Amino acid sequence: MASSNSKSTNETARKIFKILLSNPRIKVSWVKAHAGNIGNERADQLAKDATQHWQPYSHTKLPKPHIKGLLRKRMLEEWQTSWKNSDTGRKIYNILPSFSLRPTNWIREDVIFFSQHGPFPAYLKRFHLSDSDYCSCGGIGTALHYATECIYTVFPASLAFNISAS
């Protein structure tokens, strides 16, 4: 028996030998095979099942890149679930319902516009940096207001037509 040899090069045998040395209550003895010993018959059956169904037991470690890949995948799944079920950031969620770790190549102005975190009266009032959330035209000063309806910032369609027609 390889496990009884303390000089064995088999790693599993050496581990078994160390366990046997550190646990004096464990006794190892020879048992005649197929003699009706219930424990031995069961061990024999388990050994046969293991060889037929090929469920190897291995002490090999998984490569670090594989483990990192599994952890990364799990982290991204949890992050996506959290993003989907969150109450915050819904304006950005409507634009980017799923995320990636790859850069979006957005320019600064796009980030300010879509996040609405910029020099807009509504944003400044929300963080108590201004007393009013109104634009000087009278509307609520959000990024969308300035882009679509504010009389001071919206480019008149008639001017756009005249410029392109000339």
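Residues numbered from 1 in each chain as written. Predicted model: local features only at pLDDT ≥ 70, side-chain atom pairs only at ≥ 80, totals over all residues. Heavy atoms only, no water.

The protein chain carries the name RNase H type-1 domain-containing protein in an unreviewed UniProt entry, which gives Araneus ventricosus as its organism.

Another aspect to go through is the overall build of the protein chain. Helix and strand content of the protein chain: 8 helices and 0 strands. When its helices and strands are written in sequence order, the protein chain yields α-α-α-α-α-α-α-α. Relative to its full complement of 166 residues, the protein chain shows a buried share of 10%. Nonlocal contacts in the protein chain, meaning residues at least 24 apart in sequence, comprise 14% of its contacts between residues at least 6 apart. Carbon and sulfur atoms provide 59% of the accessible area of the protein chain, an area that totals close to 14,200 Å². (Helix = DSSP H or I, 4+ residues; strand = E, 2+ residues; numbered from the N terminus. Buried < 20%, exposed > 50% of the residue type's maximum accessible area, 1.4 Å probe, protein only. Contact = heavy atoms within 4.5 Å. Areas by Shrake-Rupley, 256 points an atom, 1.4 Å probe, with all protein chains shown as cover.)

Here the structure, examined in full by the defined rule, presents 3 salt bridges. Of the charged contacts, one joins E78 and R74 as a salt bridge, the two residues approaching to 2.9 Å between their closest N and O atoms. You can see E78 and its partner R74 sitting in helix α3 (residues 64-85), 4 residues apart, about one turn around the helix. The exposure class assigned to E78 is partly exposed, which follows from its relative accessible area of 44%. Judged by its relative accessible area of 51%, R74 is exposed. (Salt bridge = Lys/Arg side-chain N within 4 Å of Asp/Glu carboxyl O.)

Computed from the structure, the largest pocket encloses a volume of approximately 180 Å³. G89, R90, K91, I92, F114, S115, Q116, H117, A122, Y123, R126 and T142 together form the lining of the largest pocket. Partitioned by chemical class, the residues of the lining of the largest pocket number 4 nonpolar, 5 polar and 3 charged. (1 Å grid on protein atoms, 1.4 Å probe; cavity = no way out; pocket = protein on both sides within 12 Å on 5 of 7 lines; lining within 4 Å. Points joined across faces, edges and corners; volume = space filled by probe spheres on them. Nonpolar A, V, L, I, M, F, W, Y, C, P; charged D, E, K, R; others polar.)

Bringing the side chain of Q116 into the picture now. Its place among the elements puts Q116 in the loop between α5 (108-115) and α6 (121-126). Every residue in contact with Q116, bar those within four places of it in the chain, is listed here: K91, V111, Y123, T142, A143 and L144.

Following the sequence through the fold, H145 ends up in helix α7 (residues 143-148). Aside from chain neighbours lying at most four places away, what touches H145 is C135, C137, G139, I140 and C150.

Here we come to the confidence of the model for the protein chain. With 84% of its residues at a pLDDT of at least 70, the protein chain reaches an overall mean of 80. Predicted confidence in the protein chain is weakest over helix α8 (residues 157-165), with a mean pLDDT of 53, and strongest over α6, with 93. (pLDDT = per-residue confidence, 0-100.)

With that settled, the discussion passes to the packing of aromatic side chains. For the structure on display, the rule yields 5 aromatic pairs. Ring centres of W106 and F114 lie 5.3 Å apart, and the angle between their planes is 50 degrees; on these two criteria the pair is classed as tilted. Measuring from centroid to centroid gives 5.0 Å for Y123 and F127, while their planes differ by 55 degrees, and the two rings are tilted. Each member of the aromatic cluster is reached from another via a ring pair, and the members are W106, F113 and F114. (Phe/Tyr/Trp six-rings, centres within 6.5 Å; stacked < 30°, edge-to-face > 60°.)

Linking two cysteines covalently through their sulfur atoms gives a disulfide. Counted by the stated rule, this structure contains 0 disulfides. The thiol of C137 is unpaired, and the distance to the nearest cysteine sulfur, on C135, comes to 3.6 Å. Between C150, a free cysteine, and C135, which holds the nearest cysteine sulfur, the sulfur-to-sulfur gap is 3.6 Å. The class of C150 is buried, set by a relative accessible area of 1%. (Disulfide = S-S within 2.5 Å.)

This part takes up a nonpolar patch on the surface. Together, I19, I26 and V28 make up an exposed nonpolar region whose accessible area comes to about 260 Å². Summarising the element assignment, I19 is placed in helix α1 (residues 11-22). (Patch = residues over 30% accessible without salt bridge, like charges linked within 9 Å, V, L, I, M, F, W, Y side chains within 5 Å.)

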